[in-house]
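# Coordinates in review
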Amino acid sequence: MIKSYGGYFMHLDRTFAVLGGDLRQVDVANRLLARGERVHALLMEKNQLLAPALQQAGELRQVLQSCDVVILPLPLTTDEQTVNAPFSGKSLPLEECFRLLRPGAAVFAGKVSRRARELAERFQIHLNDYLEREELAVKNARVTAEGALAIALDELPIAMFQAHCLVTGHGRVAKELIRVLRGMGAPITVCARKYKDLAEIEMEGCQAAPISQLAQAARNADVIFNTVPAKLFGRACLTNLRPETLLIDLASRPGGVDLAAAGELGIHTIWALSLPGKCAPLTAGDIILQTVENCLEEEEL
């Protein structure tokens, strides 16, 4: 039996396990419980925000083999060996986790590594990476942009409407940054490679500059938001920055800034990884759950 609650699809005959992770996972478990689902919260016993009704999870093997849907964390693992579980005193090897899952269970995780996927295949587990879903990426981009703005507001000694902002790249996060920065009245320059992007940047009301002019554009910036996961800001480029410039790197590993050079040159640099889980974990948890529900609906589970 399926009921729809404000866009969510609740299957009254399913049992969920939410295993490991940070406050995003706690939020997922709490939301499922509030919706009346049968849910077990595992490897998060040290988190005080977990609903009291979920504190007693039961024996891991028995619980996992009874669950129809298993929601694993983002990232699934931080060491390639164990499930990411910062709020637990226990450790669960990835191989053991997959071995314990019930055959046919719908299993979800974020940022699944090659090794984790190979392990899942060995145990015939169909592992869905919700980080690869478009709807999650779109919403996470907005949360990331808002988190980056919060960092700038906290770190800059001037108001945003006076801060000359430089954004590198024109992907999802960069476009959301443009929206929130324009809302603050900030003057914005955006560096991109493609002529199509440069044209769109102009239509968005920003100053467009080819990436070949990055060093020149950076010289005038009060705050720089890098979204490109390539070393655009090497020593040669960093020497063009003013000492008071704030550089916020939003790029995934390996990042876009030579951090050693930035330190030597005295450039205030913040590598702001995984902002949704840090600055708005409850919103990020809601986005993950919505994405999982979309997958379940598509697969009619």
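### Considering the packing of helix α5 (residues 134–155) against helix α6 (residues 172–183)
- It is the contact of α5 with α6, at a shortest axis distance of 8 Å, that shows an interaxial angle of 45°. In terms of axis orientation, α5 runs oblique to α6. Between α5 and α6 lies a crossing whose hand is right-handed. Touching Glu134, Ala137, Val138, Ala141, Arg142, Thr144, Ala145, Glu146, Ala148 and Leu149 of α5 are Arg172, Val173, Glu176, Leu177, Val180 and Leu181, all from α6.
- Class assignment of the residues belonging to the contact of α5 with α6 gives a composition of 10 nonpolar, one polar and five charged.

### Quick word on the sheet that holds strand β12 (residues 246–249)
- Read across the open sheet, the six strands follow the order β10-β9-β8-β11-β12-β13; overall the sheet is parallel. Edge positions in the open sheet fall to β10 (207–210) and β13 (268–271), since each of these has one partner strand only. Here the average twist between neighbouring strands, direction ignored, is 20°.
- Across four bridges, the pairing between strand β11 (residues 223–226) and β12 is parallel.

### A word on the sheet that holds strand β5 (residues 69–71)
- The strand order across the open sheet formed by five strands is β4-β3-β5-β6-β7, and the pairing between neighbours is parallel. The open sheet is flanked by β4 (38–42) and β7 (127–129), the only strands paired with a single partner. For this sheet the average axis-to-axis angle between neighbouring strands, irrespective of direction, equals 20°.
- Where β5 lies against strand β6 (residues 106–109), three bridges are found, and the strand directions are parallel. Within the sheet, the bridge partner assigned to Val70 lies in β6 and is Val107.

Rules behind the numbers
- Residues numbered from 1 in each chain as written.
- Predicted model: local features only at pLDDT ≥ 70, side-chain atom pairs only at ≥ 80, totals over all residues.
- Heavy atoms only, no water.
- Axes fitted to C-alpha atoms, helices over the stretch in contact; angles between N-to-C directions.
- Helix = DSSP H or I, 4+ residues; strand = E, 2+ residues; numbered from the N terminus.
- Parallel < 35°, antiparallel > 145°, perpendicular 65-115°, else oblique.
- Left-handed = near helix turned anticlockwise from the far one by under 90°.
- Contact = heavy atoms within 4.5 Å.
- Nonpolar A, V, L, I, M, F, W, Y, C, P; charged D, E, K, R; others polar.
- Pairing = 2+ DSSP bridges.

The values reported here are purely geometric and, on their own, carry no functional implication.
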